[in-house]
Amino acid sequence: MTEEKLQIDWGNDKLFRTQKQIEKNPYDLEAWSILLREAQTKHISEVRPLYEYLISIFPSAARYWKIYIEHEMKTRNFERVEKLFQRCLMKILNIELWKLYLTYVKDTKASLSTYKEKMAQAYDFALDKIGMDIHSYAIWNDYVNFLKAVEAVGSYAENQKISAVRKVYQRGVINPMSGMEQFWKDYIAFEQAINPIIAEKMSIERSRDYMNARRVAKELEVQIRGINRNAPSVPPTGSPDELKQVELWQKYIAWEKSNPLRSEDTSLLTRRVVFALEQCLLCMGHHADIWYQAAQFLEHSCKVLQEKGDVNAAKLFSEEAANMFERATSTLLSKNMLLYFAYADYEEGRVKYDKVHQIYQKYLDIADIDPTLTYVQYMKFARRAEGIKSARAVFKRAREDPRSMYQIFVAAALMEYYCSKDKNIAFRIFELGLKKFGDNPDYILCYIDYLSHLNEDNNTRVLFERVLSSGSLEPEKSVEIWNRFLEFESNIGDLQSIVKVEKRRSAVLEKIKEFQGKETAQLVDRYKFLDLYPCTSAELKSIGYTEVVHVTKTSSLGNIMAYEDEPSLPKPDTAQMIPYKPKLNALPGEHLVPGGTFPHPPAAAHLCTLLPPPGCFRGPFVNVELLIDVFSRIQLPDTAPPPSPENGCDTKLFDLAKSVHWIVEEGGASVGTGGPKRRRRVGLALDASDDDETPVPPSNDIYRQRQQKKVKS
C-alpha cells in the first residue's frame, strides 16, 4: 500500500515533503489535511491508493470515509461506492455518513421498479442503527415525508400507508433528539387530519413518553457539549485536550448508564449505552479501557437479562460482548495483550476452550512481539481448563520459540512446584533454563530465590559456586549475585566463610571502576539488613557507598538516600530576568518577549486599581505631543511684567478680595461633632480691634428679633 502511495505525482515539493512526513508519522492530522485538499482536485484513479492508506490508518474516521466515497461518487463509480459502504457503514455509526448513504440510495435507485421498497428498507436500516443519535431528526423527518409521498390506491393501501407513517411517528416521538418538538407537532397534525377523536386519544397516550423523551433530549444536549465527535482516533498522547475529551466521553457514558429515560427495559438501556460507547470508540478507538468497558457492560446486561428469564436477548448480548473483543483485537489494538487476555478469560468463562486457544494462537502468530507473557498466561489457562499436561505442552512450545525470554522457565517451574507439588520437576526446569540463560543475572536470582524458599543450603551454595565460577557472567552483571551470596553466608555461614566470600567478591569488584578504592563501602553490605544500615546517610555518602548503589542495584537503600540519586534540577538565573506581563493584543516591539508588555511599578499599579477604568473617560482627549510642542515654543521674559488689565492681572480684583470678610471655623471642629464652635471674622485690615470680633447679627434674623422682644417685655 505504501509503495503504491509513493507513486503519486503531486508536482509540488511541499506536498512531497508532506507525504514524507506522513510516512514518518501516519497520525499527523495536519499533514493529512494538506494532502486531502490536494487529492480532491485530482482524478480518483490517481489518489485511490492514498485513500486506501488513509482509511487503513484511520479505519473508524467517518469524515475520511465520507471524503473517499464522495470522490468515488463524483466519477459515478457506483459499484466501488457500494463496496465502500459495505466496509464502513456497520462499524461507523456516524450520522453524516449515514445521511450520505441514504442520499446515495435515493439518487441511484430512483429508476428501479422496486425503488420504494429499497428506500423504505434503507430508512428502516438507518433508523435501526443510527436512530438514537441526537442529530437524527432529519432522517426521521425524511422517512415520514417519503412515506407520505407514496401513492396509495384503494382503502387497504391507504390504511397500510397510514399505519406505516403512524409507526414511524410513534417511534420517533419517544426517541430523545434535537427537534423532537416539531416532530411531535407534525405527528399531532397528522392524527388530526385523519380523525380528531383518535388524535386526542393518541395524544393522551403518547404525551407522557414524549415529555420524558424531551426532558432527556435537553439533558443529552448538555452532556455532549464540548465533545468533538468528528475527531479521528489516534494513539494516546496524554495531551490536555485529549484528557479533557476522555473525561467528557466518560461523563456522557456514565450518564447513559444512569438510565435517564427511567426505563424498565434492560434491552433499551443496553442499546443506548452501547450506542454511546460506539460513538466514543469512533474517536477513542486506541484506548483499550473503552473497549473493555463496552464488553464488560454487555456482559453485565447479559447476566441481568438471564436473571429476568430473557434467554434470547441475553444470548444476543453475550455474542455482542465477544464481538466487541474481536473487533478490538482485529483492528486498532491488534497488539494489545491486555484485551487478548480479557477476551480469553471471557471465552473461558463461557467454557469455549477452543476459542481461547484460537485467541492465544492469534496473538502468538504476530511476528514483531515479545510472546513471553502470552505464553505464561496461556500455560495458566491450559492448567486451569485442561490440566497440567496441557500446560506442559504449551511450555514445550514456548521454549522452542526463539522469542521467549527467561520468565517462561520461571513460570513453568513455579507452576510445577505449587500445582503439581513436585519440586524435582521444578528443579529440572530451572536447570534447563540455566543452560540457556546462564548469563542472565535476573534468571539466576529467580533460581536462587526458589532454592532459598526450599531451605536447601547445600544446593543453594552449589548454585552460587557454579554460576560465579563459570565465567559466563561479566563482572558488572555478577555484582548482585555476589551480594546475594554474601547475604546468604551472613545468614547461615560462619565468620570464616563470610570473610572468604567477601574477599572473593572484592577481587571481582576491583575490576569495576565504580568500586575501585571503596573497600569500606563494600563492608557495608556485610552488616546491612533490609533497610537498616550501619552508617548514617552522610557517612554512607562520605565513604562512597551511594556512588555504587546503581551498580549493585540495592533498592533497599530506599528513602534514606533517595534524594542523593536525583540530579539537581536546573534553576533560572534571576539576575537576567526582566519584568514581563502578558497582554492580549500586544503590539510588535512593545516588549523583548512577544505577547506581553512591561508592567507598571508597584505604586503605579496600585494607583491604577483605584482609578476608574479607562472606558469611563470619553474625552476631551489631549494630544500630548502638540501640548509639549506648544510649551517648547513659549518664550518667557526674564522679569515678570507689572499687573495690568491687558495681561489679565487687574489690581481691582485684588482690592475686592481684601475687602471681603471671610468666616472660618476655629478649633477644626467639623459638623456633627457636637463640640462648641466659635466664629471669628478674618480680614486683611491692619487696624482691626478686638471689639470687632463679635459679628453684628443680620437684620433679617427672625430668631434674634423674637429673643429681643421677649427681653424687652
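Up top is the structure these notes are about.
Position numbers for residues start from 1 in each chain and track the written sequence from start to end. Since the coordinates come from a predicted model, pLDDT governs what is reported: local features require at least 70, and pairs of side-chain atoms require 80 or more to be given and counted, while whole-chain, interface and lining totals use all residues. As a convention, hydrogens and water are excluded, and side-chain values are obtained from all of the structure's heavy atoms.

### Concerning the environment of Asn 77
Thought 1: Locating Asn 77 in the fold gives a position in the loop between helix H5 (62-74) and helix H6 (78-88).
Thought 2: Sequence separation of Asn 77 and Ile 44 is 33 residues, and the distance between their C-alpha atoms is 9.6 Å.
Thought 3: Asn 77 has contacts with Ile 44, Arg 48 and Glu 72, leaving out every residue within four places of it along the chain.
Thought 4: Polar contacts, as used here, are pairs of N or O atoms within 3.5 Å; protein pairs need one atom able to donate a hydrogen and one able to accept it. Residues neighboring in sequence count only if both atoms are side-chain atoms. At a separation of 2.8 Å, a polar atom in the side chain of Asn 77 contacts the side chain of Thr 75. Where helices and strands are cited, they refer to DSSP runs of H or I of at least four residues and of E of at least two residues respectively, numbered from the N terminus. Contacts between residues were defined by any pair of non-hydrogen atoms, one from each residue, lying within 4.5 Å.

### Structural notes on helix H19 (residues 372-386)
Thought 1: Expected helix span is given by 1.5 Å per residue-to-residue step, counting one fewer step than there are residues. With 15 residues, H19 ought to run about 21 Å at 1.5 Å a step, and its terminal C-alpha atoms sit 21 Å apart, in line with that.
Thought 2: Among the structural elements, helix H17 (337-349), helix H18 (353-364), helix H20 (388-400) and helix H21 (407-420) are those in contact with the buried residues of H19.

### Here's the deal with the pattern of salt bridges
Thought 1: Within this document, salt bridges are pairs made up of a side-chain nitrogen of Lys or Arg and a carboxyl oxygen of Asp or Glu, the two lying within 4 Å of each other. Scanning all chains against the criterion turns up 28 salt bridges.
Thought 2: Close ionic contact of Arg 166 with Glu 191 constitutes a salt bridge, the shortest N to O distance being 2.7 Å. Here Glu 191 lies in helix H11 (residues 180-194) and Arg 166 lies in helix H10 (residues 155-172), a separation of 25 residues in the sequence. For the residue pair Arg 166 and Glu 191, the accessibility class agrees, reading buried in each case.
Thought 3: The salt bridge partner of Glu 326 is Lys 362, with a shortest N-O separation of 3.3 Å. Of this pair, Glu 326 sits in helix H16 (residues 311-330) while Lys 362 sits in helix H18; the two residues are 36 residues apart in sequence, bridging distant segments of the chain.
Thought 4: Look at the salt bridges and you will find they share partners, linking Glu 319, Glu 347, Arg 350 and Lys 352 into a network. Throughout this description, buried means an accessible area under 20% of the type-specific maximum (1.4 Å probe, protein chains only), exposed means over 50%, and partly exposed covers the range between.

### With respect to unusual backbone geometry
Thought 1: A positive phi angle, close to 60°, is found at Asn 259, a residue other than glycine.
Thought 2: Here Asn 259 lies in the loop between helix H13 (240-257) and helix H14 (266-283).
Thought 3: At Arg 262, a residue that is not glycine, the phi angle is positive and equals roughly 55°.
Thought 4: With respect to the helices and strands, Arg 262 occurs in the loop between H13 and H14.
Thought 5: Here Arg 262 falls in the exposed class, since its relative accessible area comes to 64%.

### Comments concerning the packing of aromatic side chains
Thought 1: What counts as a ring pair is set by centres within 6.5 Å for rings of Phe, Tyr and Trp (its six-membered ring), and what kind of pair is set by the plane angle: stacked under 30 degrees, edge-to-face over 60, tilted for all other angles. Enumeration over the complete set of coordinates arrives at 44 aromatic pairs.
Thought 2: With 6.4 Å between their ring centres and 70° between their planes, Trp 140 and Phe 183 make a pair best called edge-to-face. Of this pair, Trp 140 sits in helix H9 (residues 137-149) while Phe 183 sits in helix H11, and the two are 43 residues apart along the sequence.
Thought 3: Its relative accessible area of 0% is what places Phe 183 among the buried residues.
Thought 4: Here the aromatic cluster, defined as three or more aromatic residues joined through ring pairs, consists of Phe 395, Tyr 406, Phe 409, Tyr 417, Tyr 418, Phe 427, Phe 430, Phe 437, Tyr 443, Tyr 447 and Tyr 450.

### A word on the side chain of His 287
Thought 1: Among the secondary structure elements, His 287 is positioned in the loop between H14 and helix H15 (288-308).
Thought 2: Here His 287 falls in the buried class, since its relative accessible area comes to 11%.
Thought 3: Excluding residues that lie within four positions of it along the chain, His 287 makes contacts with Pro 236, Glu 242, Val 246 and Leu 333.

### Overview of the packing of H20 against H21
Thought 1: To get an axis, fit a line to the C-alpha atoms, keeping to the stretch in contact for a helix; angles then go from 0 to 180 degrees between the N-to-C directions. Across the interface, H20 lies against H21 with an axial gap of 10 Å and an inter-helix angle of 165°. Judged by the inter-axis angle, H20 sits roughly antiparallel to H21. Read as a crossing pair, H20 and H21 show a hand that is left-handed. Between H20 and H21, the contacting residues are Ile 388, Ala 391, Arg 392, Phe 395, Ala 398 and Arg 399 on the first element and Ile 408, Phe 409, Ala 412, Met 415, Glu 416 and Ser 420 on the second.
Thought 2: When its residues are assigned to classes, the contact of H20 with H21 shows eight nonpolar, one polar and three charged. Any angle between 65 and 115 degrees counts as roughly perpendicular, while under 35 counts as roughly parallel, over 145 as roughly antiparallel, and the rest as oblique. Take the far helix as your reference; a near helix turned counterclockwise from it by less than a right angle gives a left-handed crossing, and one turned clockwise gives a right-handed crossing. In this count, Pro and Cys sit with the nonpolar residues alongside Ala, Val, Leu, Ile, Met, Phe, Trp and Tyr, while Asp, Glu, Lys and Arg are called charged and the others, Gly among them, polar.

### Some words on the side chain of Thr 18
Thought 1: Along the polypeptide, Thr 18 turns up in helix H2 (residues 13-24).
Thought 2: Given the relative accessible area of 10%, Thr 18 is considered buried.
Thought 3: Here Thr 18 is in contact with Ala 31, Ile 34 and Leu 35, once residues within four sequence places are set aside.

### Here we look at H11
Thought 1: With 15 residues, H11 ought to run about 21 Å at 1.5 Å a step, and its terminal C-alpha atoms sit 21 Å apart, in line with that.
Thought 2: Along H11, the positions that sit buried rather than exposed are Met 180, Phe 183, Trp 184, Tyr 187, Ile 188, Phe 190 and Glu 191. Projected down its long axis, H11 shows its buried positions confined to an angular sector of 155°, all on one face. The outward face of H11, more than 90 degrees from its buried face, is lined by the exposed residues Lys 185 and Ala 193.
Thought 3: The elements touched by buried residues of H11 are H9, H10 and helix H12 (196-223). What the arc describes is the spread of directions from the helix axis to the C-beta atoms.

### What about the environment of Glu 82?
Thought 1: Relative to the helices and strands, Glu 82 is located in helix H6.
Thought 2: Classification of Glu 82 by relative accessible area gives partly exposed; the value is 31%.
Thought 3: Beyond its immediate chain neighbours, meaning those up to four positions away, Glu 82 contacts Tyr 104 and Lys 109.
Thought 4: One polar contact links Glu 82 to Lys 109, side chain to side chain, over a distance of 3.0 Å.

### Quick word on the nonpolar core
Thought 1: Among the buried residues, those of types Ala, Val, Leu, Ile, Met, Phe, Trp, Tyr and Cys that are joined through side-chain atoms within 4.5 Å form a nonpolar core. In terms of nonpolar packing, the biggest core is built from 97 residues, with Tyr 252, Ile 408, Tyr 443 and Ile 481 touching the most fellow members.
Thought 2: A total of nine residues in this core trace back to one element, the largest contributor, which is H15.
Thought 3: Ala 39, Leu 54, Tyr 115 and Ala 120 belong to the second-largest nonpolar core, a separate cluster that totals 74 residues.

### A look at the packing of H9 against H10
Thought 1: Between H9 and H10, whose axes approach to 9 Å, the crossing angle comes to 170°. By the criterion of interaxial angle, the relationship of H9 to H10 is roughly antiparallel. Within the contact between the two elements, H9 uses Trp 140, Tyr 143, Val 144, Leu 147 and Lys 148 and H10 uses Lys 161, Ala 164, Val 165, Val 168, Tyr 169, Arg 171 and Gly 172.
Thought 2: In terms of residue class, the contact of H9 with H10 is made up of eight nonpolar, one polar and three charged.

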